Structures are given as structure tokens and as C-alpha cells.
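Architecture at a glance
Here is how the chains run, residue by residue.
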Amino acid sequence: MVHPLALDGLAVLLVAPLTESLTPDEQSILGAFLNVLGDLLSLNSAYISYVQSQDNSQSDSDNNENNNNEYEIIQKSIEKIQDELEKIKQDKQK
């Protein structure tokens, strides 16, 4: 495992040459891209951690019941989306 200060130093060493070779707009675009990349990695690791903790904390019967509840939530969400789409279609036809 790398020490956090070493990671900070590495980041500075990687960014320093970019500040000289990129325009401010290009730096902004690259920074935004790296932020999105970090956010996606963070989301993925949090989701995997959550799923693994759920799997470890529940028995198979609880897990099946939980899966059914999740499917019901997804089904209700799909039904709501379909209702909204129908409303939009009806409004356009008027």
C-alpha cells in the first residue's frame, strides 16, 4: 500500500508537465475527465462493497426475499416510466 503523501507527490509530478504543455481549456477538459473517471471508480467500489456486505449478512432465504423486493421496486419503477411516457404521448397528440 502506498502512503497518501507519496500519492500526492506522484500526482504533482504527473500534472506539472501537463500544465506547461496544455492550454487552460485543455487542462479543464482533462481535469473534468479525470474527475468523472474517479467518480466512476468510487461508485463501482462502493457498489461492490455494498453488494458483498449484503450477501454476507443475509441467509439464502432472506436473500431470495430481498431479490423479490428488488425486482418489485424495479418493476414499479418501469411502470411509472411507462405511465409518464404515455402521458407525454397523449400530450403530444393533443
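The following refers to the structure shown. (Residues numbered from 1 in each chain as written. Predicted model: local features only at pLDDT ≥ 70, side-chain atom pairs only at ≥ 80, totals over all residues. Heavy atoms only, no water.)

1. Examining the overall build of the protein chain
Rules: A helix here means a DSSP run of H or I that spans at least four residues, while a strand means a run of E at least two residues long, and both kinds are numbered starting from the N terminus. Each residue is placed in one exposure class: buried if its accessible area under a 1.4 Å probe, protein chains only, is under 20% of its type's maximum, exposed if it is over 50%, and partly exposed if it falls in between. The method behind every accessible area is Shrake-Rupley, applied with a 1.4 Å probe, and residues are considered shielded solely by the protein chains displayed.
Along its length, the protein chain carries three helices and zero strands. Tracing the protein chain from N to C terminus, the helices and strands come up as α-α-α. Residues classed as buried in the protein chain amount to 0% of the 94 residues present. With the model as given, the accessible surface of the protein chain reaches about 8,600 Å², and the carbon-plus-sulfur share is 59%.

2. Digging into the pattern of salt bridges
This is how the line gets drawn: Salt bridge, as applied in this entry: a Lys or Arg side-chain nitrogen positioned within 4 Å of an Asp or Glu carboxyl oxygen.
Tallied over the full model, the rule gives two salt bridges. A salt bridge links E84 to K87; its shortest N-O distance comes to 3.6 Å. Of this pair, E84 and K87 both sit in helix α3 (residues 60-93), three residues apart, which is roughly one turn of that helix. In this structure, the salt-bridge partner of E86 is K89, at a minimum N-O distance of 4.0 Å. Remark: K89 and E86 occur in helix α3; sequence separation between them is three residues, near one turn of the helix. Here K89 falls in the partly exposed class, since its relative accessible area comes to 49%.

3. Description of a nonpolar patch on the surface
Keep this limit in mind: Patch membership needs two things, relative accessible area over 30% and no salt bridge, and members are linked within 9 Å if like-charged or within 5 Å if nonpolar (Val, Leu, Ile, Met, Phe, Trp, Tyr).
Residues V2, L7, L10, L14 and V15 make up a contiguous nonpolar surface patch of roughly 450 Å² in combined accessible area. Examined against the element boundaries, V2 turns out to sit in the segment before α1 (4-21).

By themselves, these figures tell us nothing about what the structure is for.
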